[in-house]
Amino acid sequence: MSTVTAPTIAVSPAALYLARRSTPASRATATSALNAAARILGHADHTTLDWALDYSQAALIRAGLTAAEPGWAKVIWSATRQVTAEAHRLGLLDAQTAANIAALPAPRGSGGHRGRTPDDTEVGLLLEAAAADTTLRGRRDAAVIAIDR
């Protein structure tokens, strides 16, 4: 009697990670983050990168994030680390390499300057501009400005 075995299907760690995203918006953000990480290593996008990264490749991605806005750098690094964790779970990365990548520090920093508080004259000008806009957008802008004061 012969046994039938199911064919083995190679699953990309990146594809598996993206499939776990719960919403289309989350998948889109994660895809953009993985594409950014892949571009740091000279790839066109995340589909052309073998995500069984070695430590030096992961370190290069991490080092390449210093020029990115801090919040976006953290998203890219989080996605990269989660994909390498998937690669480990799929048996594509040994435990020591996965641990070394996970130990690389996350990007630091905050979102940076968020602007400044306008003075009363500027608020008056903003309210005038909002009142001059007769669309719903103008009403919304006036309401937001009034609430903030």
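See the structure above.
About the cut-offs
Residues numbered from 1 in each chain as written. Predicted model: local features only at pLDDT ≥ 70, side-chain atom pairs only at ≥ 80, totals over all residues. Heavy atoms only, no water. Helix = DSSP H or I, 4+ residues; strand = E, 2+ residues; numbered from the N terminus. Buried < 20%, exposed > 50% of the residue type's maximum accessible area, 1.4 Å probe, protein only. Contact = heavy atoms within 4.5 Å. Areas by Shrake-Rupley, 256 points an atom, 1.4 Å probe, with all protein chains shown as cover. Salt bridge = Lys/Arg side-chain N within 4 Å of Asp/Glu carboxyl O.

J.: Can you walk me through the overall build of the protein in this structure?
T.: Tallying secondary structure elements over the protein gives seven helices and zero strands in all. The secondary structure elements of the protein, listed N-terminal to C-terminal, are α-α-α-α-α-α-α. Residues classed as buried in the protein amount to 26% of the 149 residues present. The long-range fraction of contacts in the protein, counting pairs at least 24 apart against all pairs at least 6 apart in sequence, stands at 61%. Accessible surface for the protein amounts to roughly 9700 Å². Of this, 57% is attributable to carbon and sulfur atoms.

J.: Even after reading the chapter, I still don't get the pattern of salt bridges, so can you show me in this structure?
T.: Inspection of every chain in the model, using the stated rule, returns three salt bridges. A salt bridge links Arg20 to Glu86; its shortest N-O distance comes to 2.7 Å. With Arg20 in the loop between helix 1 (13-19) and helix 2 (24-40) and Glu86 in helix 4 (residues 70-89), this pair connects stretches of sequence that are 66 residues apart. Glu86 is the partner of Arg89 in a salt bridge, and the nearest nitrogen-oxygen pair spans 3.3 Å.

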